[in-house]
Amino acid sequence: MNGAQRYSAWALLRARLAGPGYWRSLWSGATLKDAYDVVVVGAGGHGLATAYHLAHDHGIKRVAVLEKHLVGYGNVGRNTTIVRSNYLLPENHYFYEDSLRRWERLSRVLNYNVMYSPRGVLDLAQSDGDMIGLARRGNAMRLAGIDAELLDRGGVLEFAPELAVSGPRRFELVGGLLQRRGGTVRHDAVAWGYARAASALGVDIIEDCEVTGIRTAGGLATGVESTRGYVKAERIVFAVAGHTGTVGGMLGLTLPIETHLLQAMVTEPIKPLVGSVHVYAHPHGEAYVTQSDRGGVVMGGFLDGFPSYTREGQWYRLEDVVQTAVALLPHLAGLRILRHWAGTNDMTMDGSFIIDRIRHDNVFLNGGWCYGGFKAIPASGAACATFVATGTAPDLIRAHGLSRFKTGHLLDERGAGPFPSRQ
Amino acid sequence: MSSLACPFCGPRELDEFLFHKTLPEAQGDEYAVYERANRIDDSLEHWQHVRGCRAWLRVRRNPSTGEVREVQLLGRGHS
């Protein structure tokens, strides 16, 4: 381990005896070299996880992660921290289940506490039609060996007593689909944990280094142009979800991606109220509500609805997320919102992600994560690293190539048509 | 960006409008059904004033700043 300290009870004791100054920084300040085996663009969850698995699983030591801002500055620090694998389509639920199994072990694997909290993800139904949809999704999951429980109204209220309100609801809860192993993970810790583990394996993490273009020769990429100069690379991985459109521009490609905003907000801290992750949707809005360890109620909803790179959320969306959350949990009505933010999302044409070669044989794209980026990080890193190291896409992501938009084998979880804003 | 200027109704709140799609740069390719230009500083889009006069609009915007550059009516004699 290249300078990383192993965390354990013994380490705490040693630190106590050694006094202040014992703990070193999580990753070392690497200097940019002239050439690498793999250059990963973007030090978010996917880029760092890919770099970690390249070094750890495949023994590729000369790996650099180039980041425009700071480690974890983008979407890995802007999401609502929910992890789950309750997808309908096999291509998606097997992948996200692989990810969820990795989340369960990740703190031990990285020797860094990512605070995985399997508090349960509960999708709520307000009509018999909703129940049929949830039953279909739950059955698809159970056939794949993934845990899913269809609850009736009594079951929902037993699992989440906070949902029992004394007054009448405009739309009564009919039931829900529960995935008990779903829950939340501390998002920043994921970026830090992967950065620390990758750095310990010799990966150079270079912050404040924006990639502005690539150089090619003979049909292959030879390296990247950056604000810190030219860096030679045998292989290049773009993991810049939210800004994948700019990669398309860089390579002269149009991609099946639009960039949209997704908002999230958190209230002032209160005593424990929301015991699991509640997902509450109706035709006019959606809210997913969870409570952070500090007590703030975290909420998110639909996209703003039109392409934007501004990271400035629209008021009408905030309003409708809050209204939906209050309709679900009227106790939230008096709370103040402390923070509110928006992140840029790569929205693909079918709502599923893309990991594939792009334009050149040695350039890889890891993007198009739509809403599913954060929960996918561990599986994405492992699968993408295998693809980059061996040149063959592992089964888990074989269906997620760009060719599906040519052949029409779309992974359209919602069946909403080729409209990124409706996925 | 919090409003759009409809050619019929004048400036209106953004939630009166429904964004439909961005236009692909390359037309004519069957693949283009799924392609979007998605430029960081320039976007040509179809919108509809659904909660107003229901006119279809072609809007040119800068998605990095929210600046609306042009709003035109879509349809015969306009597009």
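Rules of the game
- Residues numbered from 1 in each chain as written.
- Chains lettered and ligands numbered in written order.
- Predicted model: local features only at pLDDT ≥ 70, side-chain atom pairs only at ≥ 80, totals over all residues.
- Heavy atoms only, no water.
- Pairing = 2+ DSSP bridges.
- Helix = DSSP H or I, 4+ residues; strand = E, 2+ residues; numbered from the N terminus.
- Axes fitted to C-alpha atoms, helices over the stretch in contact; angles between N-to-C directions.
- Contact = heavy atoms within 4.5 Å.
- Buried area = accessible area lost by both parts, 1.4 Å probe.
- Salt bridge = Lys/Arg side-chain N within 4 Å of Asp/Glu carboxyl O.
- Polar contact = N/O pair within 3.5 Å; in protein donor to acceptor, adjacent residues only side chain to side chain.
- Parallel < 35°, antiparallel > 145°, perpendicular 65-115°, else oblique.
- Left-handed = near helix turned anticlockwise from the far one by under 90°.
- Nonpolar A, V, L, I, M, F, W, Y, C, P; charged D, E, K, R; others polar.
- Expected span 1.5 Å × (residues − 1).
- Buried < 20%, exposed > 50% of the residue type's maximum accessible area, 1.4 Å probe, protein only.

Novice: What is the right way to read the sheet that holds strand β6 (residues 68-73) of chain B from this model?
Specialist: Pairing between the strands of a sheet comes from backbone hydrogen bonds, and it takes one of two forms, parallel or antiparallel. Residues and elements named next belong to chain B. Spatially, the four strands line up as an open sheet ordered β3-β4-β5-β6, and their pairing is antiparallel. In the strand order of this sheet, the two ends are held by β3 (18-22) and β6, each with one partner. Neighbour-to-neighbour, the strand axes of this sheet turn through a mean angle of 30°, independent of strand direction. Where strand β4 (residues 43-48) meets strand β5 (residues 56-61), six bridges bridge the pair, whose relative direction is antiparallel. Counterpart to L44 in the pairing with β5 is R60.

Novice: Even after reading the chapter, I still don't get the interface of chain B and chain A, so can you show me in this structure?
Specialist: Where interface size is given, it is often the accessible area lost as the parts come together that is meant. Listed as interface residues are 25 residues of chain B and, on the opposing side, 28 residues of chain A. Regarding the contact of chain B and chain A, the summed buried area is about 2,300 Å², with carbon and sulfur atoms giving 57% of it. The tally of links from chain B across to chain A stands at one salt bridge. Of the charged contacts in the structure, one is a salt bridge between R36 of chain B and E258 of chain A, with a shortest N-O distance of 3.2 Å. At the boundary of chain B and chain A, one finds 12 residue pairs in polar contact (both at pLDDT 80 or more). At the level of elements, β3 and β4 of chain B are the ones that each hand at least two residues to the side of chain B that touches chain A. It is β3 of chain B that provides the largest number of residues to the side of chain B that touches chain A, a total of four residues.

Novice: Would you explain the packing of helix α2 (residues 45-58) of chain A against helix α6 (residues 187-200) of chain A in this entry?
Specialist: The packing of two helices is summarised by the inter-axis angle and the distance between the axes. Residue and element names in this part refer to chain A. Here α2 crosses α6 at 30°, and the two axes come no closer than 9 Å. Put simply, α2 runs roughly parallel to α6. Where α2 crosses over α6, the handedness of that crossing is left-handed. For the pair α2 and α6, contact is made by L48, A49, Y52 and H53 and by A191, Y194, A195, A197 and A198, respectively. The residue makeup of the contact of α2 with α6, split by class, is eight nonpolar, one polar and no charged.

Novice: Quick question: what am I supposed to make of α2 of chain A here?
Specialist: The α-helix advances 3.6 residues per turn, and as a result positions three or four apart in sequence lie on the same side. Residues and elements named next belong to chain A. Taking 1.5 Å per residue as the helical rise, α2 with its 14 residues ought to reach 20 Å, and the 19 Å between its terminal C-alpha atoms agrees with that figure. The buried count for α2 comes to 11 of 14 residues, which makes it a mostly enclosed element. Among the residues making up α2, those that are buried are G45, H46, G47, L48, A49, T50, A51, Y52, H53, L54 and A55. G59 occupies a position one or two residues after α2 and carries a positive phi of about 65°.

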